[in-house]
Amino acid sequence: MTGFRPAYPLLTERLELRPHRMDDLDDLFAFHSRPEVVRYTPWPVRDREETRAALERKLPQGELTAAGQWLVLAIELRETGTVIGEVLLKWASEADRQGEIGFALHSDYQGKGLAAEAAREMLRVGFDELGLHRIVAVLDDRNAASARLLERLGMRREAHHLQALWFKGEWANEYAYALLADEWRAAAVNPRSGSAGSDRG
């Protein structure tokens with residue numbers, strides 16, 4: 001595969017997933033500046049100029065041109081047009097068809113199933129469009145809300161790595177979750193299984 005670009009916009013019941021634009025700055029700053037949002041993300045609390053610089057780096061990340069890159073999309077609430085978060089899909093390996101997902105959501109919109117809705121669509125893109133065989137998610141083991149979200153998506157906890165990295169001034173433990181393409185498709189056929197095809201409820 002020489003490259004991959006989804007057919008935008010990616011629409012779910014409540015959301016539009018799309019590449020970032022410079023006019024996302026105000027919405028992005030609204031959650032990049034919140035300590036409770038970035039507590040478990042790789043980036044620190046950002047001021048407006050730091051958010052602008054980060055946004056400029058995200059602009060070309062609406063397509064994948066080589067393995068190892070991340071697809072980084074804005075999560076836009078369709079009802080209001082507000083960008084409330086970001087969802088990511090890494091094309092980790094072309095030969096082994098491996099991927100990774102991630103997400104961040106404005107704290108005012110958490111607890112409504114929106115992050116799960118966005119992540120579920122990215123799993124679909126990864127498996128059904130990019131042709132991945134396995135998608136993983138790696139998170140701090142104190143991030144209980146995200147762990148529950150991944151489990152609602154049907155992802156399986158495969159590992160618990162102790163003091164796996166030096167993160168924001170302390171040693172952090174990591175959970176590794178994973179889902180296979182066959183498991184994703186089986187759940188889509190039988191959504192009552194409580195796996196990847198199920199809603200948060």
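Conventions adopted
- Residues numbered from 1 in each chain as written.
- Predicted model: local features only at pLDDT ≥ 70, side-chain atom pairs only at ≥ 80, totals over all residues.
- Heavy atoms only, no water.
- Helix = DSSP H or I, 4+ residues; strand = E, 2+ residues; numbered from the N terminus.
- Buried < 20%, exposed > 50% of the residue type's maximum accessible area, 1.4 Å probe, protein only.
- Pairing = 2+ DSSP bridges.

Colleague: Just checking my understanding: could you explain unusual backbone geometry for this structure?
Modeller: What you tend to see is this: most non-glycine residues have negative phi, and most peptide bonds are trans. Pro9 follows Tyr8 through a cis peptide bond whose omega is 0°. You can see Pro9 is positioned in the segment before strand E1 (10-11). Located in the positive-phi region is Arg97, a residue other than glycine, with phi close to 55°. Looking at the secondary structure, you find Arg97 in the loop between strand E4 (82-93) and strand E5 (98-105). Of the residues examined, Arg97 reaches a relative accessible area of 43% and is grouped as partly exposed. For Lys168, which is not a glycine, the phi torsion comes out positive at approximately 50°. Summarising the element assignment, Lys168 is placed in the loop between strand E7 (156-167) and strand E8 (170-180). You can call Lys168 partly exposed: its relative accessible area is 40%.

Colleague: What am I meant to see in the pairing of E7 here?
Modeller: Here 8 bridges tie E7 to E8, and the two strands are oriented antiparallel to one another. Of the residues in E8, the one forming a bridge with Arg157 is Tyr177. Remark: 2 residues form the turn of the hairpin made by E7 and E8, two consecutive strands paired antiparallel; Lys168 in that turn has positive phi of roughly 50°.

On their own, these measurements won't tell you what the molecule is for.
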